[in-house]
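Understanding the architecture of this molecule
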Amino acid sequence: RWLPALRRRCDIAGKRLSGTGLAAEGRVLRAVLYVYHHRLLRHRSYLALQQVEQCLKRLWKMNLLGCIETLAELIPKKSTSQARAECLVPSQPMLETVALKVLGGCKLILRLLDCCCKAFLLSVKHLCSEEFILLNTVASGLLSRLWFVIQYRCVLQSLMSLYGMLLTSLHLVSETQQMPYIKGFTFPSDISNFLGVNISYEVKKQKARMLTTKKPTSWLKKLFPTMPEAVSEVGKTRNSVTCMSAVNNCSVPCPVDIGEPVL
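Rules used throughout
Residues numbered from 1 in each chain as written. Predicted model: local features only at pLDDT ≥ 70, side-chain atom pairs only at ≥ 80, totals over all residues. Heavy atoms only, no water. Helix = DSSP H or I, 4+ residues; strand = E, 2+ residues; numbered from the N terminus. Buried < 20%, exposed > 50% of the residue type's maximum accessible area, 1.4 Å probe, protein only. Contact = heavy atoms within 4.5 Å. Areas by Shrake-Rupley, 256 points an atom, 1.4 Å probe, with all protein chains shown as cover. Salt bridge = Lys/Arg side-chain N within 4 Å of Asp/Glu carboxyl O. Core = buried A, V, L, I, M, F, W, Y, C linked by side-chain atoms within 4.5 Å. Axes fitted to C-alpha atoms, helices over the stretch in contact; angles between N-to-C directions. Left-handed = near helix turned anticlockwise from the far one by under 90°. Lys, Arg positive; Asp, Glu negative; His and termini not counted. pLDDT = per-residue confidence, 0-100. Parallel < 35°, antiparallel > 145°, perpendicular 65-115°, else oblique. Nonpolar A, V, L, I, M, F, W, Y, C, P; charged D, E, K, R; others polar. Patch = residues over 30% accessible without salt bridge, like charges linked within 9 Å, V, L, I, M, F, W, Y side chains within 5 Å. Expected span 1.5 Å × (residues − 1). Polar contact = N/O pair within 3.5 Å; in protein donor to acceptor, adjacent residues only side chain to side chain.

Focus on the overall build of the chain
- Of regular secondary structure, the chain possesses eleven helices and zero strands.
- When the helices and strands of the chain are listed from N to C terminus, the series reads α-α-α-α-α-α-α-α-α-α-α.
- Of all 263 residues assigned to the chain, the portion counted as buried reaches 40%.
- Sequence separation of at least 24 residues holds for 85% of the intrachain contacts in the chain that already meet a minimum separation of 6.
- Put simply, the chain shows about 17000 Å² of open surface, and 59% of that area lies on carbon and sulfur atoms.

Quick word on the pattern of salt bridges
- For the coordinates displayed, the defined rule picks out four salt bridges.
- Salt-bridge contacts for K118 lead to D114; the nearest nitrogen and oxygen are separated by 3.2 Å. On the criterion of helical spacing, the pair formed by K118 and D114 is a turn pair, its members being four residues apart in helix α5 (residues 92-128).
- One continuous salt-bridge network, built from bridges that share partners, spans R111, D114 and K118.

A few points about the nonpolar core
- Of all hydrophobic cores here, the largest spans 71 residues; its most connected members are L6, V52, I68, V102, L159 and L166.
- Mapped by element, the contributors of at least two residues to this core are α1 (2-17), α2 (20-35), α3 (44-61), α4 (64-74), α5, α6 (133-152), α7 (155-176) and α8 (191-195).
- The biggest single contributor to this core is α5, with 20 residues.
- Not counting residues up to four positions away in its chain, the partners in contact with V102 are L64, L159, L162, Y163 and L166.

A closer look at the packing of α4 against α5
- At their nearest, the axes of α4 and α5 sit 10 Å apart, and the two run at 145° to each other. Judged by the twist between their axes, the crossing of α4 over α5 is left-handed. Each of L64, C67, I68, T70, L71 and L74 in α4 lies in contact with α5, whose residues at this interface are M94, L95, V98, K101, V102 and G105.

With respect to the side chain of R7
- For R7, the location among the structural elements is in helix α1.
- It turns out R7 is buried and unbridged, and the closest side chain with the opposite charge, D11, is 4.4 Å from it.
- In this structure R7 touches A72, E73, I75, P76 and K77, once residues within four positions along its chain are discounted.

With respect to the confidence of the model for the chain
- This prediction gives the chain a mean pLDDT of 75; 71% of its residues lie at or above 70.
- Within the chain, the element-level pLDDT minimum falls on helix α11 (residues 233-249), averaging 45, and the maximum on α4, averaging 90.
- Confidence drops under pLDDT 50 across residues 227-258; counting only partners more than four residues distant or on other chains, this segment forms two contacts.

Digging into the packing of α2 against α3
- One way to put it is that α2 packs onto α3 with a least axis distance of 10 Å and a crossing angle of 140°. Overall, the two elements α2 and α3 adopt an arrangement that is oblique. In this structure, α2 meets α3 at a crossing whose hand is left-handed. Residues L22, A23, G26, L29, R30, V32 and L33 of α2 form the contact with α3, whose participating residues are Y46, L49, Q50, V52, E53, L56 and W60.
- Considering only residue class, the contact of α2 with α3 consists of ten nonpolar, two polar and two charged.

A closer look at a nonpolar patch on the surface
- Taken together, the side chains of L100, F185 and F194 define a hydrophobic patch exposed on the protein surface, amounting to about 220 Å² of accessible area.
- Assignment of secondary structure puts F194 in helix α8.

As for α3
- End to end, α3 covers 26 Å across 18 residues, agreeing with the expected 26 Å (1.5 Å per residue, within 8%).
- Looking at α3, one finds that the buried residues are S45, Y46, A48, L49, V52, E53, C55, L56 and L59.
- A positive backbone phi angle near 55° is found at N63, which sits one or two residues after α3.

A word on the environment of D190
- Structurally, the position occupied by D190 is in the loop between α7 and α8.
- Among the polar contacts made by the side chain of D190, one reaches the main-chain amide nitrogen of S192 at a distance of 3.2 Å.
- A distance of 3.2 Å separates the side chain of D190 from the side chain of N193, its partner in a polar contact.

Observations regarding the side chain of S169
- Here S169 is to be found in helix α7.
- A residue is classified by how much of its surface remains accessible, and S169, at 0% relative accessible area, is buried.
- At a separation of 2.8 Å, a polar atom in the side chain of S169 contacts the main-chain carbonyl oxygen of M165.
- Look past the residues within four positions of S169 in its chain and what remains in contact with it is W2, L6 and L95.

This is the structure:
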């Protein structure tokens, strides 16, 4: 009875881990760090971005997605008939390995969320100080998208529910045939106690911190001053004609679009 439920949890966790959002944001983050490596090597925002990138790199290198997909392939797709009382199930070493990686993945995602929140607040703080405007503008948008992707797709919640199903399966399989693989470690019965934080409360606290941060509007007003409403239509037309003539007389060549990808 628990095999179809375990397969469903594996499929859900695998789809949320393999989404395009995490991979895309990770590529953009690596590109930003590559561009600013020699310019801002000791800058606090750059160092905070490096911590976020390190968490993402460890999450992919632990091959959590590959282990979950391998476990899903070992589970029979069709349920056995009632007449046959036995079927092939994943072994205890396989279940223990995946459960251990899920625990480590949850810890890493919690660390990733915390690093995203700290780096975002630091970028906004430097924006308010009018310091490295371009880098901090890109970093704040990138970090907010990465934090939102993890929360919106419920990556952490899907892994926690998968661990609960893995623990139930592990108990049932170990009762049938004892084959302990990981020794000296007791799998926690409650993953929330193992992680040490209340997930919903922690996410709400991080969201409140990011939303109540002082907005960097002072330097935006200096860069893009607002036009007074009392300006006459004649003045607007005169200014537009003057600007167009200045553009036409300008001999500086048009720069290359900075949005083109660098191969």
